[in-house]
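Report on the structure
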Amino acid sequence: QVQLVESGGGLVQAGGSLRLSCVASGSFFRINTMGWYRQAPGKQRELVATITSGASTNYLDSVKGRFTISRDNAKNTVFLQMNNLKPEDTAIYYCNAAYQRPLSSSNRDAWGQGTQVTVSS
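None of the values given here were measured: they were computed from a predicted structure. Sequence positions are assigned chain by chain, starting from 1 and proceeding in written order. Side-chain atom pairs in this predicted model are given and counted only at pLDDT of 80 or more, local residue features only at pLDDT of at least 70, and totals for whole chains, interfaces and linings cover all residues. The basis for every side-chain value is the complete set of heavy atoms in the structure, and neither hydrogens nor water enter the calculation.

Brief notes about the state of the cysteines
Put simply, a disulfide is two cysteine sulfurs that come within 2.5 Å. Tallied over the entire structure, the rule returns one disulfide. One disulfide in the model links Cys22 with Cys95; its S-S distance is 2.1 Å. Here the S-S torsion is close to -85°, and the disulfide linking Cys22 with Cys95 is therefore left-handed. Of this pair, Cys22 sits in strand β3 (residues 18–26) while Cys95 sits in strand β9 (residues 91–100); the two residues are 73 residues apart in sequence, bridging distant segments of the chain. When sorted by exposure, Cys22 lands in the same class as Cys95, which is buried. The secondary structure listing takes helices from DSSP runs of H or I that are at least 4 residues long and strands from runs of E that are at least 2 residues long, numbered from the N terminus. We call a residue buried when its accessible area falls under 20% of the maximum for its residue type, exposed when it is over 50%, and partly exposed in between, using a 1.4 Å probe and counting protein chains only.

Here's the deal with the environment of Ser105
Inspection of the secondary structure assignment puts Ser105 in the loop between β9 and β10 (107–111). The class of Ser105 is exposed, set by a relative accessible area of 71%. Along the sequence, Ser105 and Phe29 sit 76 residues apart, while their C-alpha atoms lie 9.7 Å from each other.

A word on the pattern of salt bridges
Whenever a carboxyl oxygen of Asp or Glu lies within 4 Å of a side-chain nitrogen of Lys or Arg, that contact is scored as a salt bridge. Summed over the entire model, instances satisfying the criterion amount to four salt bridges. Of the charged contacts, one joins Asp89 and Arg66 as a salt bridge, the two residues approaching to 2.8 Å between their closest N and O atoms. On the criterion of sequence distance, the pair formed by Asp89 in the loop between β8 (77–82) and β9 and Arg66 in the loop between β6 (57–59) and β7 (67–72) is long-range, its members being 23 residues apart. Under the relative-accessibility criterion, Arg66 is labelled buried at 8%. Look at the salt bridges and you will find they share partners, linking Arg38, Glu46, Arg66 and Asp89 into a network.

Remarks on the sheet that holds β8
The four strands are arranged β1-β3-β8-β7 in an open sheet whose pairing can be described as antiparallel. The outermost strands of the open sheet, each flanked by one partner alone, are β1 (2–7) and β7. Across the sheet, the mean angle from the axis of one strand to that of its neighbour is 15°, orientation sign disregarded. Paired strands, as defined in this entry, are two strands with at least two bridges between them according to DSSP. Looking at chain direction, β3 and β8 are connected through six bridges and run antiparallel. Note that in β8 the partner of Ser21 across the bridge is Phe79. Working convention: axes come from line fits to C-alpha atoms, limited for helices to the stretch in contact. Angles between N-to-C directions cover 0 to 180 degrees.

This is the structure:
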């Protein structure tokens, strides 16, 4: 019912910046929390940042002060501004959205296809 499309990944040198975007579309009543996850080769997927519909945010400790998550509720879009990138940030970044189905009080999760972020030393 909900499709998420990420963009903005790429190759960047250490210390550089990237801005990821994720647009939600499809059938839903409303989107609540949106977030970004990442997964490096051979490692578990980890939560990077989340933002609620009221703009409350949470971050992975290792990205605090470097990454900023934001959203545009009118356009159902979430962003991740990544500054001072480090090689250990290299991973596939996935967009996630918790949404409410029409005529339902329960939430469901949608996932994007992922966008590759590679940081060279």
